[in-house]
Amino acid sequence: VQLVESGGGLVQPGGSLRLSCAASGFTFSAYAMSWYRQAPGKERELVATIRSAGGISDYSDSVKGRFTISRDNAENTVYLLMNSLKPEDTAVYYCAANEGVGSLSAPIEYGYWGQGTQVTVSS
């Protein structure tokens, strides 16, 4: 099983980035996928989730209206489009896969994790 994130980098406040997470080794279409982030000295925070069926998505209040999660089940890839980025969005961003366990909100419910990609928002 592999989850490989890409697309992170340095961006100015107000800018945009699109993160990608390529999955392999499991039935991607059957899993809910989420993006988490973790800033230095802070706990890992759930950013967005997209369910396996129907593409229903949820967002944290801190990113709602600015970030969009999407998935391409044919390509086994989940995306996070981040617009209107703020310095407080600076963190390592992780994608994670959940086969339908629990509420999809707690990190312990996710069986697979990527290695993370750094996003830095700074002028």
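Residues numbered from 1 in each chain as written. Predicted model: local features only at pLDDT ≥ 70, side-chain atom pairs only at ≥ 80, totals over all residues. Heavy atoms only, no water.

A description of the environment of Tyr93 should follow, citing residues and the corresponding values.
As for its position among the elements, Tyr93 is in strand β9 (residues 91–98). Judged by its relative accessible area of 0%, Tyr93 falls in the buried class. Along the chain, Tyr93 and Gln38 lie 55 residues apart, while their C-alpha atoms are 6.6 Å from each other. In this structure, Tyr93 is in contact with Glu5, Leu19, Trp35, Tyr36, Arg37, Val47, Phe67, Leu80, Met82, Gly116, Thr117 and Val119, ignoring residues within four places of it in sequence. At a separation of 2.9 Å, a polar atom in the side chain of Tyr93 contacts the side chain of Arg37. A distance of 2.6 Å separates a polar atom in the side chain of Tyr93 from the backbone oxygen of Asp89. (Helix = DSSP H or I, 4+ residues; strand = E, 2+ residues; numbered from the N terminus. Buried < 20%, exposed > 50% of the residue type's maximum accessible area, 1.4 Å probe, protein only. Contact = heavy atoms within 4.5 Å. Polar contact = N/O pair within 3.5 Å; in protein donor to acceptor, adjacent residues only side chain to side chain.)

Which residues make up the side chain of Ser34, and what are the values?
Relative to the assigned elements, Ser34 resides in strand β4 (residues 32–38). At 2.6 Å, the side chain of Ser34 forms a polar contact with the side chain of Thr49. Here Ser34 is in contact with Leu46, Ala48, Thr49, Tyr94, Cys95, Ala96, Leu104 and Tyr110, once residues within four sequence places are set aside.

Before we move on, can you summarise the environment of Ala48 with the specific residues and values?
With respect to the helices and strands, Ala48 occurs in strand β5 (residues 45–50). Spatially, the C-alpha atoms of Ala48 and Thr68 are 7.9 Å apart, while their sequence positions differ by 20 residues. Discounting residues that sit within four places of it in the chain, Ala48 has contacts with Met33, Ser34, Trp35, Asp58, Tyr59, Ile69 and Leu80.

Lay out the pattern of salt bridges in plain terms, naming residues and giving numbers.
Under the counting rule described, the total for this entry stands at 5 salt bridges. Arg66 is paired through a salt bridge with Asp89; the nearest N and O atoms lie 2.8 Å apart. Linking Arg66 in the loop between β6 (57–59) and β7 (67–72) with Asp89 in the loop between β8 (77–82) and β9, this pair joins segments that are 23 residues apart in sequence. Residues Arg66 and Asp89 agree in their burial class; the two are buried. Within this structure, Arg37, Glu45, Arg66 and Asp89 form a network of salt bridges that share partners. (Salt bridge = Lys/Arg side-chain N within 4 Å of Asp/Glu carboxyl O.)

Tell me about the sheet that holds β7, residues and numbers included.
As summarised here, the arrangement of the 4 strands in space is β1-β3-β8-β7, forming an open sheet in which the pairing is antiparallel. A single partner strand is all that each edge strand has here, and the edge strands are β1 (2–6) and β7. Along the sheet, successive strands turn relative to each other by an average axial angle of 15 degrees, direction set aside. (Pairing = 2+ DSSP bridges. Axes fitted to C-alpha atoms, helices over the stretch in contact; angles between N-to-C directions.)

Tell me about the packing of aromatic side chains, and name the residues and values.
For the structure shown, the criterion picks out 8 aromatic pairs. Ring geometry for Tyr94 and Trp113: centres 6.5 Å apart, planes at 80 degrees, overall edge-to-face. Of this pair, Tyr94 sits in strand β9 while Trp113 is found in strand β10 (residues 112–113), placing the two residues 19 residues apart along the sequence. Judged by its relative accessible area of 14%, Tyr94 falls in the buried class. Look at Trp113 and you get partly exposed, because its relative accessible area is 27%. Each residue in the set Phe26, Phe28, Tyr31 and Tyr112 is aromatic and connected to the rest through ring pairs, giving one cluster. Taking the ring centre of Trp113 as reference, the NZ or CZ of Arg44 above it sits at 4.8 Å. (Phe/Tyr/Trp six-rings, centres within 6.5 Å; stacked < 30°, edge-to-face > 60°. Lys NZ or Arg CZ within 6 Å of the ring centre and 35° of its normal.)

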